[in-house]
Amino acid sequence: MILHLASKCAILTTALLFNSICYRLHEIFLWKNTKNYGQFDRDSSEKMDPHYDAQDVARCDLCEIAIVQSYCDFCHVNLCKPCIGEHISDDYTKHIIVPFQQRRSTLIYPKCEKHPKKPCEFQCKDCTIFLCSHCLASKQHNKEHELLKLDEIFNEKKDHIQKDKEEIKKQLLPAYEDIASELENQIANIDVDYRKLTMEMSKHRKELHREIDKEINQREKEIDENKAKHLSILKKHLEEIKQLQSLMQETQHDLNEIMNSNETTPIIHYSSKNQEFSKLLPKVIVSMPRFIPKPIVKEELCSLIGKLIPLSTTLEERVFTAKKPNTSVRELLDEPEVLNTIKTGHEKIFNVTCLHEEEIWTSGDTADIECFNTQGDLQKTIKTKSGDSPNDIAVYSDGALLYSDLKTKTVYKVKNGQTEEIFRLQGWTPTNLCVTSSGDLLVTMYNDDYTQSKVVRYSGSTEKQTIQFDDDGQPLYSGNRNTKYITENRNLDICMADSEACAVVVVNQAGKLRFRYTGPPSSTKNKPFKPNGITTDSQGRVLTSDCYNHCVHVLDVDGLFLRYIDNCDLNYPFGLGVDSEYSLFVCEGLKGNVKRIRYLK
């Protein structure tokens, strides 16, 4: 029977070789009857490949003429049909011929150490050694040991590698990018912070006699030394983060190479590094030095200048938390529709903010801050401490309500019926509020002579960041007491509706100007664009109310005009809000109503 099989294989091999010779003679004949070989090669390519488009196609590695049709998964060579016989003529048993589209699909098993001609298709779970079918048949291996199929282990490991790739790409690298971005923002703002510190010292210096210049200069030197040390610490930490990022990218590259390989041994021995990567470096927190001035006493000038408290560094543990990707894409409706109208009872209403659909907070021209559900039922009412109407309202993620009071220049927090003062300003008046995704509070404000406006970021009652000027030292916002609504986009951009400037002004997290939107280039609206309320949705779109044109503008994340919402019979729209159900809430300023609008599919 073995001889009969060998005879059949010999006949098959002879036939394939004969076909190969005939095919090659035919091609030689065509070549001799063609004016030049290049023309033959191009023409034959066009005939053999119906999609020929002046680009070369994959050729047989043996004849280097015919278009490839098959592939040897053992030798990793391209083959045309006539060359298959020639290729397998040395030993047909070892070659694995597959269609070209299925190349590298055959697993390459390790050779058995005891039976070199046999591939190992099993692994002993107890001994962790590879075994071939002869090893199992010889009964030399312990039968009580559990056997695992290498192809199943290979597939499981490959799935694991794919998951590791995805985790690095979608979770770990973004986490490190966030850390790097945070450090870069600190470095970008450090000049502003230290400039402010120097200005405070200079202001005190003007009140002192010239005799103390030497001591003042010494303190300024200490500031520069602290700044250099501060920068050094942050840059060192950033370098460590970037080194880890680079290591992860190298690991991802190595995993790509493993994934493209059919070698089982590296796959079987693969060990994930993701657990190591997920242990984030401790967060470096560097406290700013502080300058403490003292009253001027001429006899004690040196001791009364004050001292600079140097920066200090502490480590705060970071815990890696996998982010849930936002996979849903919600497109705009062709025709937005009003779901219902909430009648607040206010004669005028200017502000709305939504924690969720059952807590829709509103405020208008009275001291009452009212909370409704989506059906328009009044849930509760809070009165401002001063008895004046609040300028703006916002809500923390824990449900605590915030409001700003122009009369007292104060921002208050109300929780469990208790009102407490967060901070009170001197020389500036807080106007509009926005709670950020990180829990910080953004506050717009103007100075006492109505010539300057700025945005200040607070963590609790501590000022963290001031945004007022662009890179050329020019004001970002108009200087007046007009309300300037503010919100944060999902990419951490800070978006302001500056009515007096007739523009939506958007800066990034570091306070650098990204764009100004002044209305679409060919507006059909009759009145000037005067943006009032502003909000953003889960897609990063920016929505701003156009009060005098009775509509809402919808922009993309880069400020490109997408469309108007102007078919809902809006009457002087002011404050805007979006809830978790993707509903848009619009305050109709002079009617005292809040319209709930569906604008996404």
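Here's a quick rundown of the structure. (Residues numbered from 1 in each chain as written. Predicted model: local features only at pLDDT ≥ 70, side-chain atom pairs only at ≥ 80, totals over all residues. Heavy atoms only, no water.)

Comments concerning the packing of aromatic side chains
Stated precisely, the cut-off is as follows: When the centres of two rings from Phe, Tyr and Trp lie within 6.5 Å, Trp using its six-membered ring, the rings pair. Their planes under 30 degrees apart give stacked, over 60 give edge-to-face, and anything left gives tilted. Burial here depends on accessible area, computed with a 1.4 Å probe over protein chains only, as a share of the maximum for the residue type. Under 20% is buried, over 50% is exposed, and the range in between is partly exposed. Secondary structure elements follow DSSP: runs of H or I of four or more residues count as helices, runs of E of two or more count as strands, with numbering from the N terminus. For a Lys NZ or an Arg CZ to count as sitting over a ring, it must be within 6 Å of the ring centre and within 35 degrees of the ring normal.
A full pass over the atoms with the stated rule returns eight aromatic pairs. Taking the centre distance of 5.6 Å and the plane angle of 65 degrees together, the rings of Y446 and Y450 count as edge-to-face. Residue Y450 is classed as partly exposed on the basis of its relative accessible area of 38%. Between Y548 and Y572, the aromatic rings sit 6.4 Å apart at their centres with planes inclined by 85 degrees, giving edge-to-face as the arrangement. Of this pair, Y548 sits in the loop between β29 (542-546) and β30 (551-555) while Y572 sits in the loop between β31 (561-565) and β32 (573-578), and the two are 24 residues apart along the sequence. Of note, K454 hangs over the ring of W428, and the distance from its end group to the ring centre comes to 4.0 Å. Sitting above the plane of the Y564 ring, K525 keeps its charged end 4.6 Å from the centroid.

Thoughts on the side chain of H95
Operational definition: Two N or O atoms form a polar contact when they lie within 3.5 Å of each other; inside protein one atom must be a possible hydrogen donor and the other a possible acceptor, and for residues adjacent in sequence the pair counts only when both atoms belong to side chains. In what follows, residue pairs with any heavy atoms lying within 4.5 Å of each other are defined as contacts.
Looking at where H95 falls in the secondary structure, it is placed in the loop between α3 (81-88) and β3 (97-99). A polar side-chain atom of H95 sits 3.3 Å from a polar atom in the side chain of H87. A polar contact is formed between the side chain of H95 and the side chain of D90, at a distance of 2.9 Å. Among all residues touching H95, those that are not within four sequence positions of it are C72, F74, C75, H87, I88 and D90.

Comments concerning helix α5 (residues 150-206)
This is how it is decided: Under the convention used throughout, the expected extent of a helix is 1.5 Å for every residue step, that is, one less than its residue count. We define the bend at any residue as the angle between the axes fitted to the seven residues before and including it, ending there, and the seven starting there.
Under the 1.5 Å per step criterion, the end-to-end length of α5 is 80 Å for 57 residues, consistent within 8% with the ideal 84 Å. Of all the bends in α5, the largest measures some 40 degrees and sits at I168.

Some remarks on the sheet that holds strand β18 (residues 410-415)
Note the cut-off: Strand pairing is defined by DSSP finding a minimum of two bridges between the two strands. Throughout, an axis means a line fitted to C-alpha atoms (over the contacting stretch in the case of helices), and angles, computed between N-to-C directions, take values from 0 to 180 degrees.
Taking strand neighbours across the sheet as the criterion, the four strands line up as β16-β17-β18-β19 in an open arrangement whose pairing is antiparallel. Each end of this open sheet is capped by a strand with a single partner; those strands are β16 (392-395) and β19 (418-424). Adjacent strand axes in the sheet meet at a mean angle of 25 degrees when their direction is disregarded.

Observations regarding the sheet that holds β32
Pairing in this open sheet of four strands is antiparallel, and the strands run β11-β34-β33-β32 from one edge to the other. Unpaired on one side and paired on the other, β11 (332-343) and β32 mark the two borders of the sheet. Taken pair by pair, the neighbouring strands of this sheet meet at an average axis angle of 25 degrees, ignoring direction. Alignment of strand β33 (residues 583-588) against strand β34 (residues 593-600), held across six bridges, turns out to be antiparallel. From the neighbouring strand, V586 faces β34, where its bridge partner is K595.

Observations regarding the packing of α5 against helix α6 (residues 213-259)
Rule in force here: We call two directions roughly parallel when the angle between them is under 35 degrees, roughly antiparallel when it is over 145, roughly perpendicular when it lies between 65 and 115, and oblique otherwise. In this classification, the charged set is Asp, Glu, Lys and Arg, the nonpolar set is Ala, Val, Leu, Ile, Met, Phe, Trp, Tyr, Cys and Pro, and all remaining amino acids, among them Gly, are polar.
Viewed as axis vectors pointing N to C, α5 and α6 meet at an angle of 170 degrees, and their least axial separation amounts to 10 Å. Between α5 and α6, the angle falls in the class roughly antiparallel. Residue composition of the contact of α5 with α6, by class: 24 nonpolar, 13 polar and 14 charged.

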